[in-house]
Amino acid sequence: RTFAIAASIAALALGLTGPASAQSPIIIKFSHVVATDTPKGKGAEKFKELAEKYTGGKVKVEVYPNSTLYKDKEELEALQLGSVQMLAPSNSKFGPLGIREFEVFDLPYILPDLKTLRKVTEGPLGARLLKLLDAKGITGLAYWDNGFKQMSANKKLVTPADYQGVKFRIQSSRVLQAQFKALGSLPQVMAFSEVYQALQTGVVDGQENTWSNIYTQKMHEVQKYITETNHGYIGYVVIVNKKFWDDLPADIRDQLTKAMKEATEFGNAQSQKENDDALAEIKKSGKSEIIKLTPEQNEAMRKAMEPVYKDAASRVGQPLIDEFLKESK
Ligand code: LMR
């Protein structure tokens, strides 16, 4: 009798913990750290809409924005454990998984515009980088844009010398660490959800981010100056738990692939506008002074950050950087 009870408990447990794809509807928890009203937030909502439509409701996508479910580091662990199925971390956040190659996207001034970026993400290098995730139990599905980063602080940042000794929050990327070290600043890795408070309380003096992230996190309310540097890029890799993805019925996986393709096109077509609108709102708020650099000042910044390429080569390899530069031509 004890055996029968144990067996039925085991069966029940199996039923509850069996493949997620055996549940009806199939639930995809999509966790992310930014606001809904951002390029990533809107892309996630679009994916939800299309995924549910194309699967005729067989799949339900639950989007958890603004780090409500997990913060940066935890979300990657949760994905590997299968507690969430889908994420879109920035390229700068794969280092803690043991994959540093995506940090090539963090190299200062490596991308003059989004058209150039597309050549890389849609080319053989983009595909090869996604494949690196397989070994971590992760499947890479798409590249999503945010946009170009600006520098913010409570002091005016114009020349490279202005960065000396300034404490900057960074994402968990060695390339970004090297970038601020090259400027004589003090970089500190911190989860995105903690940035606003860290700026407000002075734990750090500044940070780098896109107009959209600055505006939707209200960073401009606690930063006196934002310098329009466009020195680097923030974009995302949309990822799923590999086992979850592989276990899906083939027709469902096809429908989700189609939904992802269209959500990607939708999101990437409007990311620039999201950032332009956020900049306009920040200007309108009058809370931060926006500093524009002259071509000479821009050039001085570029020069000051040049050593980062050498440093990065020792981590991700010069061939990868060369390949990136070649494909972006
Ligand atoms: C950051 O941490 O600053 C960004 O990666 C946040 C995001 O997801 O855009």
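Higher on the page you've got the structure.
Summary of the structure given here. Quantities reported herein were computed from a predicted structural model and do not represent experimental measurements.

**Some points on the environment of Pro25**
Okay, step 1: With respect to the element layout, Pro25 can be found in the loop between helix H1 (2-17) and strand E1 (26-31).
Okay, step 2: For Pro25, a relative accessible area of 31% corresponds to the partly exposed category.
Okay, step 3: Here the alpha-carbon distance between Pro25 and Glu52, two residues 27 residues apart in the chain, equals 10.0 Å.
Okay, step 4: When neighbours within four sequence positions are excluded, Pro25 is seen to be in contact with Gly57, Lys58 and Lys60.

**Remarks on the pairing of strand E2 (residues 59-64)**
Okay, step 1: Taking every second residue as pointing to the same face, the buried face of E2 carries Val59, Val61 and Val63, while none of Lys60, Glu62 and Tyr64 on the other face is buried.
Okay, step 2: Of the pairings in the sheet, the one linking E1 to E2 comprises six bridges and is parallel in character. Considered in E2, the bridge of Lys29 is made with Glu62.
Okay, step 3: Read from E1 through helix H2 (residues 39-54) to E2, the crossover connection turns out right-handed.

**Topic: the site of the ligand**
Okay, step 1: Every residue close to the ligand is listed here: Val33, Val34, Lys40, Ser90, Lys93, Arg169, Gln171, Phe192, Asn209, Asn213 and Tyr236.
Okay, step 2: Between the ligand and Lys40 there is a distance of 2.7 Å, counted from an oxygen atom to a side-chain nitrogen or oxygen.
Okay, step 3: Within the complex, the protein chains bury 100% of what would otherwise be the 270 Å² of accessible surface of the ligand.
Okay, step 4: In the shell around the ligand, the residues fall into four nonpolar, four polar and three charged.

**Let's talk about unusual backbone geometry**
Okay, step 1: Even without being glycine, Ser67 reaches a positive phi, approximately 55 degrees.
Okay, step 2: Locating Ser67 in the fold gives a position in the loop between E2 and helix H3 (72-81).
Okay, step 3: In this structure, Asn230 is a non-glycine residue whose phi angle is positive, near 45 degrees.
Okay, step 4: Its place among the elements puts Asn230 in the loop between strand E8 (225-228) and strand E9 (233-241).

**A short note on the nonpolar core**
Okay, step 1: Judged by nonpolar contacts, the single largest core of 53 residues is most densely connected at Phe102, Leu133 and Ile239.
Okay, step 2: Here the element with the most residues in this core is strand E4 (residues 138-153); it accounts for five residues.
Okay, step 3: Counting residues in hydrophobic clusters, the runner-up holds 42 residues, among them Val195, Ala198, Ile234 and Ala278.

**A short note on the side chain of Ser212**
Okay, step 1: Position of Ser212 relative to the elements: it lies in helix H8 (residues 211-216).
Okay, step 2: Apart from residues lying up to four places away in sequence, Ser212 is in contact with Thr38, Pro39, Asn146, Glu274, Asn275 and Ala278.

**Re the packing of aromatic side chains**
Okay, step 1: All told, the structure shown has seven aromatic pairs when counted by the stated rule.
Okay, step 2: What links up through ring pairs into an aromatic cluster is the set Phe105, Tyr143 and Phe324.
Okay, step 3: If you follow Lys258 out to its NZ or CZ, it ends over the ring of Tyr54, 3.9 Å from the centre.

**Quick word on the pattern of salt bridges**
Okay, step 1: Under the defined criterion, the tally for this structure stands at 23 salt bridges.
Okay, step 2: In this structure, Glu274 engages Lys42 in a salt bridge whose closest nitrogen and oxygen atoms are separated by 2.7 Å. Of this pair, Glu274 sits in helix H10 (residues 250-285) while Lys42 sits in helix H2, and the two are 232 residues apart along the sequence.
Okay, step 3: Taking the relative accessible area as the measure of exposure, Glu274 reaches 11% and is therefore buried.
Okay, step 4: The class for Lys42 is partly exposed, based on a relative accessible area of 28%.
Okay, step 5: With a closest N to O distance of 2.5 Å, Glu103 and Arg100 form a salt bridge. Summarising the burial analysis for this pair, Glu103 and Arg100 share the class buried.
Okay, step 6: When salt bridges that share partners are traced, they join Asp37, Lys42 and Glu274 into one network.

Rules and cut-offs
Residues numbered from 1 in each chain as written. Predicted model: local features only at pLDDT ≥ 70, side-chain atom pairs only at ≥ 80, totals over all residues. Heavy atoms only, no water. Helix = DSSP H or I, 4+ residues; strand = E, 2+ residues; numbered from the N terminus. Buried < 20%, exposed > 50% of the residue type's maximum accessible area, 1.4 Å probe, protein only. Contact = heavy atoms within 4.5 Å. Pairing = 2+ DSSP bridges. Right-handed = clockwise from strand over helix to strand, strands pointing away. Near = heavy atom within 4 Å. Polar contact = N/O pair within 3.5 Å; in protein donor to acceptor, adjacent residues only side chain to side chain. Areas by Shrake-Rupley, 256 points an atom, 1.4 Å probe, with all protein chains shown as cover. Nonpolar A, V, L, I, M, F, W, Y, C, P; charged D, E, K, R; others polar. Core = buried A, V, L, I, M, F, W, Y, C linked by side-chain atoms within 4.5 Å. Phe/Tyr/Trp six-rings, centres within 6.5 Å; stacked < 30°, edge-to-face > 60°. Lys NZ or Arg CZ within 6 Å of the ring centre and 35° of its normal. Salt bridge = Lys/Arg side-chain N within 4 Å of Asp/Glu carboxyl O.

So, to be careful, I would describe these as geometric facts and stop short of saying anything about function.
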